[in-house]
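What follows is the residue order along each chain.
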Amino acid sequence: MKNNNNYEFLLNKLTSLNGVGKKTTEILKKKGITNIFDILWRLPKSYIDRSKKSKINELQIGQISTITIKPIKYSFPRIRNLPNKVTCKDDTGYLDCIFFNSYEGYIKKILPINQNITVSGKVGYYKKKYQITNPSYVSKDESIIEKIHSKYRLTEGINEKYYNKIIDQILNNLPIIPEWHDKKILKKFNNEKWNDSIIKLHDPKNIGNFQSSYYRRLAFDEILASLLISSEIRKKIKKIKKKNKVFNIGQFNEIQKKLNFNLTNDQKNALEEINFDLKSKNKMFRLLQGDVGSGKTIVALISALNVVESGFQVALMSPTEILSRQHYSLAKKLFPKNISIEILSGKTENKQKISIYKKIKENEIKVIFGTHSLFQKKINFSNLGYIIIDEQHKFGVKQRKSLSDKGGKNCDVLLMSATPIPRTLIMSVYGDMDISIIREKPKNRKKVITYSKLESKLSDVVNFVKKQIKDGDQIFWVCPLIKESKKIDHESAINKYQYLKKIFPNSVNILHGNIDKIEKEKILNSFLKKKFNILVSTTIIEVGIDFPNANVIIIENANKFGLSQLHQLRGRVGRGEKQASCILMFKSNLSENAKKRINILKNSNDGFIISEEDMKLRGFGDLLGFKQSGLKSYKLADPIHNADLFTLGEEEIKRIEKEEIDIKRYKPLLKLYDQADIINDII
Ligand code: ADP
Ligand code: MG
């Protein structure tokens, strides 16, 4: 391998390196490393200083030392379990090199009699003599030993010497890449070049220098790469010309008459932004973000009706069938009778399905409700003009792009999400979309009162539940586990269900991920119809279903969950008229940090604030839905410690967009950092 300008070799498989074979490749693949570029981001965790040489009479027991010695005598006992021994000396004394599991031939080769050999390893002492057992390094060439050796987190099957050889080979051959950053940006990072930065990153003396210029530069590279991809996708979608939708706001007034509440200002604004996009000649690709219970559905339905008025069809997708049914029923109530709407579900009979497909194809059905399977099934629309996707926080940028492509060019897209994103991250997660935010909660909404209780006070909680049931309320009882686990000491749904059944016979039911889909829907439906009072479940009730009659939620082992997730769960109650409560159960007294977290939850009902505080306290990786939210996990960048870099990234993207800078400049950055084929669509 030669030093070169071709950065693309970084994308080569590891086998393109000298001395790396299939076996190593397989081992590293399991760790998510498939090419040379990937391996750059495994950083040294510590180092061993072998740079100072000692004489034998200076050795200290237990220390790692480097010594140049002369082998003078072999002793190969040839008895099982007895090690081979090589007696060595320098001008100050004697030292034994001890070998377990090494062949005589090999030992003779690496430690030839009477030659100067440098060895390095941990010094021991046995029968009044210094010894080194299985020395880590043995070589005639002292220069490869006498230095600081990085220690990486190694995987079984790969040893330190070998791994360091691989890394050295890469670092010695890093390509010189034309700088992608603007001069002004680079200056903020002390003009650190990419390849120099990588070398510094791997210098074991630099471990933990997160605030150094080279580290920040590399973190910024990552951030900018992901923002650039989003920005390019967004530009691309915006360029798509469509047939604009023509409608007036008469529909809105009709629906408003049927509602017993007025839309909040945020709802009205969001609706206006959506209407504006629908009427424009450019394709809409918009996110409607709003906390749980902020009333996104009604906004979506009104905009759907507008699209129908303009002559197009609408598809509204939900993550679950029960949610889809809920949306459908609401639309049935609100939409004018002459507008034909339908729902497709797993339960829909085959004959019925075929008839629905036909009606969709012939433009008889105007709005179709269903789960994401609406896309997979071979449904042919006559004139699809609008796709609405509810609770989409499981889609990443690439999936969103393909969703938007699928509808065709006349098709506007609205995604709805309740996952609150801290401000610094909004662009990173949703930079490919325009965003409407509903922050204001409906006025009639009472704050859910949040309590914390020790598990030992379970009987108080049971008494409280008894009282609530007498008042006709329904209760969610959430447990982190489905069934008991030997490994984790958390409450399980099955356990709690059996316990509660004894106290409340005939009024408890259970729901968890192992129950099949049809059964799940049945249980939720009968809960909605108030057939029983207590639903014991895992967190699968998290997603958007509206249970106006559920007023209490009890969450076991509450410290196991992130604040955003607790907030999301809490959002399942308090949608009706009555005062709702949320009881967080804990095993033992709370630590100071846990108290802080719980207080945030008690004092705030704003998902955005909660997510920001949660991120500060726990780190961003744990936040609800973040792993699946499309925010890729960064290698170096950290939204908390590098918040300023995320802001800088946003500013830089705005500049790049405004000055219409050619994306080609960033080709190496994008090729390296975002290896998916989406790049080929862009550049
Ligand atoms: P989410 O944003 O979580 O999807 P929903 O759309 O399900 O919230 O709305 C939650 C509940 O609030 C529904 O019962 C809905 O009818 C009601 N709602 C929506 N908007 C308002 C409003 N402006 N005032 C009062 N209630 C509202
Ligand atoms: Mg919803």
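Procedures and definitions
Residues numbered from 1 in each chain as written. Chains lettered and ligands numbered in written order. Predicted model: local features only at pLDDT ≥ 70, side-chain atom pairs only at ≥ 80, totals over all residues. Heavy atoms only, no water. Helix = DSSP H or I, 4+ residues; strand = E, 2+ residues; numbered from the N terminus. Buried < 20%, exposed > 50% of the residue type's maximum accessible area, 1.4 Å probe, protein only. Contact = heavy atoms within 4.5 Å. Salt bridge = Lys/Arg side-chain N within 4 Å of Asp/Glu carboxyl O. Phe/Tyr/Trp six-rings, centres within 6.5 Å; stacked < 30°, edge-to-face > 60°. Lys NZ or Arg CZ within 6 Å of the ring centre and 35° of its normal. Near = heavy atom within 4 Å. Polar contact = N/O pair within 3.5 Å; in protein donor to acceptor, adjacent residues only side chain to side chain. Areas by Shrake-Rupley, 256 points an atom, 1.4 Å probe, with all protein chains shown as cover. Pairing = 2+ DSSP bridges. Axes fitted to C-alpha atoms, helices over the stretch in contact; angles between N-to-C directions. Patch = residues over 30% accessible without salt bridge, like charges linked within 9 Å, V, L, I, M, F, W, Y side chains within 5 Å. Lys, Arg positive; Asp, Glu negative; His and termini not counted. Charge placed at Lys NZ, Arg CZ, Asp CG, Glu CD. Parallel < 35°, antiparallel > 145°, perpendicular 65-115°, else oblique. Left-handed = near helix turned anticlockwise from the far one by under 90°. pLDDT = per-residue confidence, 0-100.

Q: Would you mind showing me how to read the overall build of the protein here?
A: The helix and strand tally for the protein stands at 24 helices and 21 strands. Overall size of the protein, expressed as C-alpha extent along the three principal axes, is 100 × 65 × 50 Å. Put simply, the protein has 683 residues, and 52% of those count as buried. Intrachain contacts of the protein at a sequence separation of at least 6 include 73% that bridge at least 24 residues.

Q: I tried to follow the pattern of salt bridges on my own but got confused; where do I start?
A: Two side chains of opposite charge can pair, provided their charged atoms sit close to one another. Applying the stated criterion across every chain yields a total of 34 salt bridges. Between Lys 595 and Glu 592 there is a salt bridge, with its nearest N and O atoms 3.6 Å apart. Note that Lys 595 and Glu 592 are positioned in helix H20 (residues 592-603) at a spacing of three residues, about one turn of the helix. Residue Lys 595 is classed as partly exposed on the basis of its relative accessible area, which comes to 39%.

Q: Quick question: what am I supposed to make of unusual backbone geometry here?
A: The phi torsion of most residues other than glycine is negative, and most of the peptide bonds are trans. Positive phi, close to 55°, is recorded for Arg 78, a residue that is not glycine. With a phi angle near 70°, Asn 506 is a residue other than glycine that sits in the positive phi range. Residue placement: Asn 506 occurs in the loop between helix H17 (493-503) and strand S18 (508-511). On the basis of relative accessible area, Asn 506 is assigned to the exposed category, the value being 75%.

Q: Sorry if this is basic, but what is going on with the packing of aromatic side chains here?
A: Between two aromatic rings, the relevant description is the distance of the centres plus the angle of the planes. Enumeration according to the criterion identifies 16 aromatic pairs in this entry. Members of the aromatic cluster, each reached through a chain of ring pairs, are Phe 37, Trp 41, Trp 180, Trp 194 and Tyr 673. The ring of Tyr 499 has Lys 496 lying over it, and the distance from NZ or CZ to the ring centre is 5.4 Å. In this arrangement the basic side chain of Lys 560 is found over the ring face of Phe 561, its NZ or CZ atom lying 5.2 Å from the centre.

Q: Help me understand the site of ligand 1, please; the structure alone is not making it clear to me.
A: What surrounds ligand 1 is a group of 17 residues, the closest being Gly 293, Lys 296, Thr 297, Arg 445 and Asp 546. A distance of 3.4 Å separates an oxygen atom of ligand 1 from a polar backbone atom of Ser 294. In this structure, Lys 296 approaches ligand 1 through a side-chain N or O atom, which is 2.8 Å from an oxygen atom. For ligand 1, whose unbound accessible area comes to 570 Å², protein coverage reaches 87%.

Q: Can you help me understand the sheet that holds strand S10 (residues 313-318) in this one?
A: Strand pairing in a sheet relies on backbone hydrogen bonds, with the paired strands running either antiparallel or parallel. One open sheet accounts for seven strands, arranged S11-S12-S10-S13-S14-S9-S15; its pairing is parallel. Taken across any chain shown, the strands that pair with only one partner, and hence form the sheet edges, are strand S11 (341-343) and strand S15 (434-438). In this sheet, neighbouring strand axes are inclined to one another by 15° on average, regardless of whether the strands run parallel or antiparallel. Sheet topology note: the strand S13 (residues 384-389)/strand S14 (residues 412-417) ladder contains four bridges and is parallel. Paired with Ile 389 across the two strands is Leu 415, which belongs to S14. Helix H9 (residues 265-279) rests against strand S9 (285-290), S13, S14 and S15 of the sheet, and its axis sits at about 160° to S15.

Q: Any chance you could explain a positive patch on the surface here in plain terms?
A: A cluster of basic residues, Arg 325, Lys 347, Lys 522, Lys 529 and Lys 531, forms a positive patch at the surface. The topology assignment puts Lys 347 in the loop between S11 and helix H12 (350-361). With a relative accessible area of 43%, Lys 347 lands in the partly exposed category.

Q: Even after reading the chapter, I still don't get the packing of helix H10 (residues 296-309) against helix H11 (residues 321-334), so can you show me in this structure?
A: For any two helices packed against each other, the geometry is given by the interaxial angle and the distance between the axes. Contact pair H10 / H11: the axes reach a minimum separation of 11 Å and the direction vectors enclose 55°. On the basis of the axis angle, H10 is oblique to H11. The handedness of the crossing between H10 and H11 is right-handed. Contact residues: H10 offers Thr 297, Ile 298 and Leu 301, while H11 offers His 327, Leu 330, Ala 331 and Leu 334.

Q: When you look at the sheet that holds strand S17 (residues 474-478) in this model, what are you seeing that I'm missing?
A: Strands sit in the order S16-S21-S20-S17-S19-S18 across an open sheet of six strands; the sheet is parallel. Two strands close off the open sheet at either side, each with one partner strand: strand S16 (449-454) and S18. Sheet twist, expressed as the average angle between the axes of neighbouring strands with direction ignored, equals 20°. With four bridges connecting them, S17 and strand S19 (residues 534-537) associate as parallel partners. Within S19, the position partnered with Val 478 by the bridge is Ser 537. Against the sheet, helix H19 (residues 563-570) touches S16, S17, strand S20 (550-555) and strand S21 (581-586), its axis set at about 150° to S20.

Q: Explain the confidence of the model for the protein to me, please; I cannot follow it from the model alone.
A: Reading fine detail from the predicted coordinates is not recommended where pLDDT is low. On average, residues of the protein carry a pLDDT of 88, and 94% of them reach 70 or more. Low confidence marks residues 624-628, where pLDDT is under 50. Its contacts with residues over four positions away, or in another chain, come to 18 contacts.

Q: Explain the environment of Ile 554 to me, please; I cannot follow it from the model alone.
A: Within the secondary structure, Ile 554 sits in strand S20. A residue is classified by how much of its surface remains accessible, and Ile 554, at 0% relative accessible area, is buried. With 30 residues separating them along the chain, Ile 554 and Leu 524 place their C-alpha atoms 17 Å apart. Setting aside its immediate chain neighbours within four residues, Ile 554 contacts Val 461, Val 465, Ile 475, Phe 476, Trp 477, Val 478, Ile 583 and Met 585.

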